[in-house]
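For reference, the chains in residue letters:
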Amino acid sequence: MASFGWKRKIGEKVSKVTSQQFEAEAADEKDVAENEEGTWLQAVKRRKESLLEGCIEKSKQLKDEAASLVENKRYREAIQKWDEALQLTPDDATLYEMKSQVLMSLHEMFPAVHAAEMAVQRNPHSWESWQTLGRAQLGLGEIVLAIRSFQVALHIYPMNPEIWKEDLSWARTLQEQQKVAQKIKKCDTSVEVTPFSPKSIPDYDFESDEIVAVCAAIAEKQKTVSANKTMVIVSASGTVETVTEKEDGAKPPDGSVFIKAR
């Protein structure tokens, strides 16, 4: 019968010298790999920095070209240059701020507000961006928001007289005018419109002195007309005669009246 025996561990018979040699070779290979990896990372980093510098340089070139186009009032072409520059440097707040100004010159207020908001998000400490945002908001009629933007710009740069004397002062003037207009409109709507109704026929007092006098005058006139009465008399012989009869009881000329007509 086969006897039971313990299983020996792998490598138990490997000599100590061989083991040390193997560890030394492994350490050398590790150093080589680390050196190669470090060199590759440095190369990538240098390439990335080079590309970034190239993007910044190209973006600055496009920004300068756009500014030159604006001076010649070629606004659409300038906007196109700024859009190309934003593809290279999307975090440049000045590009958005300048684009917003040109959009306001083209009376495109909604895109102008959006571009100014992007500028403020990129650089919240730029008083120029806040000023431009306030002007764009003012163009949309958002007076309260514009005042707030001007106040932020003034807080960042309190020594700027343009924001205080022109932008903020003008916005507050518009706000007062808006309040007066709203007050007038509210008063106009509160006035009730009186519907037109025809005047009713007044009730006359038929026992008044004026009515009695009018009735007396009419009666007197009728009495004068009826004072003289006209009669047509036809005699027995066929003679027709017209006789005026007095009201005092005048009688026909003779008793041979055949027909009396009036």
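Residues numbered from 1 in each chain as written. Predicted model: local features only at pLDDT ≥ 70, side-chain atom pairs only at ≥ 80, totals over all residues. Heavy atoms only, no water.

Looking at an unreviewed UniProt entry, one finds the chain named TTC33 protein, with Crocuta crocuta as its source organism.

A tally of helices and strands in the chain yields eight helices and three strands. Reading the chain from its N terminus to its C terminus gives the helix and strand order α-α-α-α-α-α-α-α-β-β-β. Across the 262 residues that make up the chain, the buried fraction comes to 22%. Considering only contacts within the chain whose residues lie at least 6 apart along the sequence, 43% involve residues at least 24 apart. Accessible surface, the chain as shown: approximately 20900 Å² in total, 56% of it carbon and sulfur. (Helix = DSSP H or I, 4+ residues; strand = E, 2+ residues; numbered from the N terminus. Buried < 20%, exposed > 50% of the residue type's maximum accessible area, 1.4 Å probe, protein only. Contact = heavy atoms within 4.5 Å. Areas by Shrake-Rupley, 256 points an atom, 1.4 Å probe, with all protein chains shown as cover.)

Another point: the side chain of Gln 131. In this structure, Gln 131 sits in helix H5 (residues 127–139). Given a relative accessible area of 7%, Gln 131 falls into the buried group. Contact partners of Gln 131, with chain neighbours within four places excluded, come to Phe 150, Ala 153, Glu 162, Ile 163 and Asp 167.

Nonpolar side chains in soluble globular proteins tend to be buried together. One finds Trp 82, Leu 133, Leu 138 and Phe 150 to be the most contacted residues of the largest nonpolar core, which totals 35 residues. If you list the elements that add at least two residues to this core, you get helix H1 (16–71), helix H2 (75–88), helix H3 (93–105), helix H4 (109–122), H5, helix H6 (143–156) and helix H7 (161–190). The biggest single contributor to this core is H4, with eight residues. When sequence neighbours within four positions are dropped, the list of residues in contact with Leu 133 reads Val 113, Ala 116, Glu 117, Val 120 and Ser 149. (Core = buried A, V, L, I, M, F, W, Y, C linked by side-chain atoms within 4.5 Å.)

Moving on, we come to the environment of Ala 85. Within the secondary structure, Ala 85 is located in helix H2. Using a relative accessible area of 0% as the deciding quantity, one classes Ala 85 as buried. Each C-alpha atom of the pair Ala 85 and Leu 95 lies 7.7 Å from the other, and the pair is ten residues apart in sequence. When sequence neighbours within four positions are dropped, the list of residues in contact with Ala 85 reads Ser 59, Leu 62 and Leu 95.

Right, let's talk about the UniProt feature "repeat: TPR" (unreviewed entry) in the chain for a bit. In this numbering, the UniProt entry assigns the feature "repeat: TPR" (unreviewed entry) to residues 59–92 and 127–160. Secondary structure content for residues 59–92 is 79% helix and 0% strand, while the C-alpha to C-alpha distance between its ends is 9 Å. Between the end C-alpha atoms of residues 127–160 the distance is 10 Å, and the span holds 79% helix and 0% strand. (UniProt positions renumbered as here; feature names shortened; annotations may be inferred.)

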